[in-house]
Structures are given as structure tokens and as C-alpha cells.
Amino acid sequence: MKIKTSTIISLLILLMTALSAYAYYEDLTDIGVCLIGEACSVVRYSEYSTIFGIKVSLFGLITSIILFLIFINRNKYKFLKEILPIIILTGALFAIYFISIQLFVLKAICSTCILIDITMLIIAALVLFTLKR
């Protein structure tokens, strides 16, 4: 059985949404449970954990939900299909930025955050691969 690339992308966006919801839940409850390791609190409480006073995890959750809605409706509305690569590339650039902050500035890795960012980069690679075909 052959699985379509669009199905894989949809599942990855859902995974990213679930991880983002978990990260936001961590922020709301102050539980601070890393999936792996113990450096999540360093990242979660750093100056890079908010944008305009709003937690990055909330932005991630909202944008992943919007991305999923855009992705599943891309064939119904032409403009969604046209803006999808721009949104995906923007998300990939943010993922690279957040990974860089963790590795080179904070020198601490939040396993949940890294999984979200890597998932976004995989989604971007798959979407770009699909566009070139």
C-alpha cells in the first residue's frame, strides 16, 4: 500500500500540533516535564520564550492549527495553495532560528521544542519536494 505524501504531511502537522499543545500545557501548568532530558525549563523561561509577552508555545499551537486548516483546504481554494509554500518556509525559518537559539545562545536543548522544530523542517522538505514534482 502506497501512502501519499499529502497524508504524511497531514500527519506530521497533526503531530506538531499535539507537541505544541503539550508545550503550551507545560507553560500553563508549570509542570516542566521534558520528553527527554531536563533543560526544558532553561528554554521555557528564557527571554526567547515570549514574543510581545505571549509564550512562543501558544504561537506554535495557533500556527500549527492554522497550517493544518490551510493544508487540508489547499485544493478547495487556489489562494491557499499559492500561500502554502510561503507559510511553510516561514515556519521552517522560525524552526531554524529556535534551534539556533537553543544550541548557540542558551546552550540548552528542550526536547519538546526540538521535536516541534524538526517536524516543521521535515514538513518543509516534503512540501518543497512535492512542489518540484
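Sequence order as written defines residue numbering, which begins from 1 separately in each chain. Reporting in this predicted model follows two pLDDT cut-offs: at least 70 for local features of residues, and 80 or more for side-chain atom pairs to be given and counted; totals over whole chains, interfaces and linings ignore these cut-offs and use all residues. By convention in this description, side-chain values take in all heavy atoms of the structure and omit both hydrogens and water.

(A) The arrangement of a nonpolar patch on the surface in detail. Note on patches: the residues involved have over 30% relative accessible area and no salt bridge, like charges join within 9 Å, and the nonpolar side chains Val, Leu, Ile, Met, Phe, Trp and Tyr join within 5 Å. In these tables, accessible area is a Shrake-Rupley quantity obtained with a 1.4 Å probe, and a residue counts as shielded only by the protein chains included in the view. Salt bridges are counted wherever a side-chain nitrogen of Lys or Arg sits within 4 Å of a carboxyl oxygen of Asp or Glu. Taken together, the side chains of Y77, F79, I83 and I87 present a nonpolar region at the surface, about 360 Å² in accessible area. Take Y77: it is sitting in the loop between α3 (56-72) and α4 (78-106). Only protein chains enter the accessibility calculation, which uses a 1.4 Å probe; a residue whose area is less than 20% of its type maximum is buried, one above 50% is exposed, and one in between is partly exposed. You can call Y77 partly exposed: its relative accessible area is 44%. Here a helix means four or more residues in a row that DSSP labels H or I, a strand means two or more in a row labelled E, and each is numbered from the N terminus.

(B) Here's a closer look at the packing of aromatic side chains. Paired rings are identified among Phe, Tyr and Trp, the last through its six-membered ring, by centres lying within 6.5 Å, and are further divided according to the angle between planes into stacked (under 30 degrees), edge-to-face (over 60) and tilted (the rest). With the rule as written, the count across this model stands at three aromatic pairs. Here Y77 and F79 contribute two aromatic rings whose centre-to-centre distance is 6.3 Å and whose plane-to-plane angle is 55°, an arrangement assigned as tilted. An aromatic cluster is defined as three or more aromatic residues linked by ring pairs; in this entry it consists of F94, Y97 and F98. For a Lys NZ or an Arg CZ to count as sitting over a ring, it must be within 6 Å of the ring centre and within 35 degrees of the ring normal. Above the plane of the ring of F71 lies R74, whose end atom (NZ or CZ) is 3.9 Å from the centre.

(C) View of the nonpolar core. In this text, buried Ala, Val, Leu, Ile, Met, Phe, Trp, Tyr and Cys residues form a nonpolar core when linked through side-chain atoms within 4.5 Å. In this structure, L67, I88, M120 and I123 are the most contacted members of the largest nonpolar core, which totals 19 residues. If you list the elements that add at least two residues to this core, you get α1 (5-29), α3, α4 and α5 (111-132). Top contributing element to this core by residue count: α1, with six residues. In this structure M120 touches M16, L67, I88, G91, A92 and A95, once residues within four positions along its chain are discounted. By size, the runner-up hydrophobic cluster in this structure holds seven residues, among which are C34, V43, C110 and C113. Contacts were defined at the residue level, with two residues in contact if any of their heavy atoms lie within 4.5 Å.

(D) Region of interest: the side chain of S49. Tracing the chain through its elements places S49 in the loop between α2 (40-44) and β1 (50-51). Here S49 falls in the buried class, since its relative accessible area comes to 10%. Between N or O atoms, a polar contact is any pair within 3.5 Å; within protein, one atom must be a potential hydrogen donor and the other a potential acceptor, and residues adjacent in sequence are included only when both atoms are from side chains. In terms of polar contacts, S49 uses its side chain to reach the backbone carbonyl oxygen of R44, at 2.9 Å. At 3.3 Å, the side chain of S49 forms a polar contact with the side chain of K55. What S49 contacts, discounting residues up to four positions off in sequence, is V43, R44, I54, K55 and V56.

(E) Geometry of the environment of C110. Residue position: C110 is located in the loop between α4 and α5. Note: C-alpha distance between C110 and C40 (70 residues apart in sequence) is 4.1 Å. Among residues more than four places away in sequence, those in contact with C110 are C40, V43 and Q102.

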